[in-house]
Amino acid sequence: MNTGASQPQGPQSAGLVRPGSHDRPVSGELFIGLMSGTSLDGVDGVLADFSPPDGLSLRVRAHVHRPFPADLAQELLALNAPSHDELHRAALAANALARAYAGVVSDVLAQAGIEPHDVRAIGVHGQTVRHRPREFDGIGYTLQLNNPALLAELGGIDVVADFRSRDVAAHGQGAPLVPAFHRAVFARPGESVAVLNIGGISNLTSLLADGSTVGFDCGPGNALMDHWCRRHIGHPFDDNGAWAAGGHIDGDLLAALQAEAYFDLPPPKSTGRDLFNPPWLESRLRARPALAPADVQATLAELTAWACAEAVRQEAPDANELLVCGGGSLNGHLMRRLAARLPGRNVRRTDEVGLGAHQVEAAAFAWLARAFFDRRPGNLVTATGADGPRVLGALYPAH
Ligand SMILES: Nc1ncnc2c1ncn2[C@@H]1O[C@H](COP(=O)(O)OP(=O)(O)OP(=O)(O)O)[C@@H](O)[C@H]1O
Ligand SMILES: [Mg+2]
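Draft legend 1. Looking closely at the overall build of the protein. Helices and strands together make up the secondary structure of the protein, namely 13 helices and 13 strands. Taking 2.2 N^0.38 as the reference for a compact globule, 399 residues should give roughly 21 Å; the C-alpha atoms of the protein span a radius of gyration of 20 Å, in line with that estimate. Dimensions of the protein, computed from C-alpha atoms along their principal axes, come out at roughly 60 × 55 × 40 Å. Among the 399 residues that make up the protein, the fraction classed as buried is 57%. Sequence separation of at least 24 residues holds for 70% of the intrachain contacts in the protein that already meet a minimum separation of 6. Each charge class in the protein can be summarised by its mean position, and for the 33 positive and 42 negative side chains these summaries are 1 Å apart.

Draft legend 2. Quick peek at the sheet that holds strand 8 (residues 193–198). Pairing is mixed across the open sheet formed by 5 strands, whose spatial order is 10-9-8-11-12. The sheet is open, and its two borders are formed by strand 10 (213–220) and strand 12 (346–349), each paired with just one other strand. On average, each strand axis in the sheet is inclined to that of its neighbour by 20°, with strand direction left out of account. Taken together, the 7 bridges between strand 9 (residues 201–207) and strand 10 define a ladder with antiparallel strand orientation. Bridge pairing in strand 10 places S202 opposite G219. Strands strand 8, strand 9, strand 10 and strand 11 (321–325) of the sheet are contacted by helix 5 (residues 179–186), whose axis makes an angle of about 50° with strand 9.

Thresholds, definitions, all that
All residue numbers here refer to positions counted from 1 along the written sequence of the relevant chain. Each chain is given a letter, starting from A, and each ligand a number, starting from 1, according to the order in which they appear as written. Where local features are concerned, this predicted model is filtered to residues with pLDDT of at least 70; where side-chain atom pairs are given and counted, the filter is 80 or more; whole-chain, interface and lining totals use all residues. Side-chain descriptors were evaluated using all non-hydrogen atoms of the structure, hydrogens and water having been removed beforehand. In DSSP terms, a helix is any run of H or I states spanning at least four residues, a strand is any run of E spanning at least two, and both are numbered starting from the N terminus. Here the globule rule reads 2.2 Å times residues to the power 0.38, and the radius of gyration is calculated from C-alpha atoms. Think of it in three bands: residues with accessible area under 20% of the maximum for their type are buried, residues over 50% are exposed, and the middle band is partly exposed, with areas taken using a 1.4 Å probe on protein chains only. Contacts between residues were defined by any pair of non-hydrogen atoms, one from each residue, lying within 4.5 Å. Lys and Arg are tallied as positive, Asp and Glu as negative. Neither His nor the chain termini are counted. Think of each charge as sitting on NZ of Lys, CZ of Arg, CG of Asp or CD of Glu. Two strands make a pair as long as DSSP finds a minimum of two bridges between them. Axis geometry follows a simple rule: fit a line to the C-alpha atoms, using only the stretch in contact for helices, then measure angles between N-to-C directions, giving values from 0 to 180 degrees.

As far as function goes, none of this settles anything; it's purely spatial.
Below is the structure:
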C-alpha cells in the first residue's frame, strides 16, 4: 500500500512531537483525527502531520483528551441498549457529540498554534452505539452517532465521517479499521510485530513477516472492568489496576467467562457492548453470589489479559514484540498479567516506539481521512472480511 508512510527505523519512528511544540506546518498534509471509543471516557484528538519535514512516517503535533460531560456519557451509555424515544434522543446526543468534538478541535488548533485553514480535514469516528454487522438481513448495521454537518459548521474544516458503513455494505464487519494504519506505522520488513489496542473492547493487529496482516477484536478490554468499578467503588476505572491486584482470581468464574463462544470464532471477527455488557456479566455471576467484588474485578482483569494473550498466541505466534496502546496500557496490573501470559515476548507500550498510547486510535482516523482524499481503501479484507478493499468515509465540506 502506498501510504506515504516510511517504514519505522527505530524507537522514534512514529515521530511523536511533544504536544505544545509550535512549529508551523509546511505542507498540506495536516489532518485532525478524533476518536471516542467504547469506554465512553471522552474524546481524543490529534493533529497528525503525514509529511513532516524530517521524513518520518507521521508526526503528532498536538494531542488533546477531553472527558465527556457526565450527562452525555450517561446518555450515550443508555443509547447502547434499546430504550424509550431513541431516535429523538440519539439525534440530540449526536448534536452534543459534535459540540464536544468541535471543542477538542479548537483545543488541538490552539495547542499547535495553527488556524482551521491550515488543516486539510478532520477524520471523526463518531460514537458507536450499536454494532450488528451481517445480522438480520445479511448486511446488518453498525451505528456511530455523530453530526458531521454540525462539526463542519462549527469547526470551519472539511469533515470526513462514517468510516465503517461502506465496509459493512460490502459484507464486512466494519471493524476493526485500525489494522491498515497499524501496518503503515508499525510494520517492520521481514519481522513479525503485534499491536494490541485495549480500549473498551480490545483488538489485535498481527503484522506478519511476509507482509500480510490479520486484525480482529479479541473481546473485552476495559468496558466490563470499568462497569464493575463504577458500581462497587464509584470510580470510572480501576486506576493502575490496583483494586484488581488486591483481589483473587476466581477460577470457576473465569472458566464461565472464557466459555463465551465469541472467543472460539476464527478471525475476522468484531464485537462490542452488544455482547460484552453488564447483563452478560450478571448472568455468569448469578451462580456465584458470594464472590467479593474485588475478586470479580481480579477475574475480569484476568479475562482481558487471557483474551488478549490467546489472540497473540494464536494469530501472532512469531511476533517477539507486542506493542500495546489504548487506555488499558496504563493499567499496570493488566500489563503485568498480559506479560506473564506471554513469556519470552517483549510487551511494551507504543509510547516506546514514538506514538503515545492514547494517540494511536485518533491518529488512525486522521490517516483514514487522508486515505479518503487520496481515494485509497481504508479497510483490510483480512481484518473486516469485506468483499474487497473500499474507500471509506463521507465528506462534509466546510465551505
Ligand atoms: N491509569 C489508568 N489505569 C487503569 N486504566 C486506565 C487508566 N487510564 C485509562 N484507563 C482505562 O482506559 C480506558 C480508556 O481507554 P481508551 O480511551 O483507549 O478506550 P476507548 O475510548 O474505548 O477507545 P477505543 O474504543 O478506540 O479503543 C478507561 O475507560 C480506563 O478503563
Ligand atoms: Mg477513549
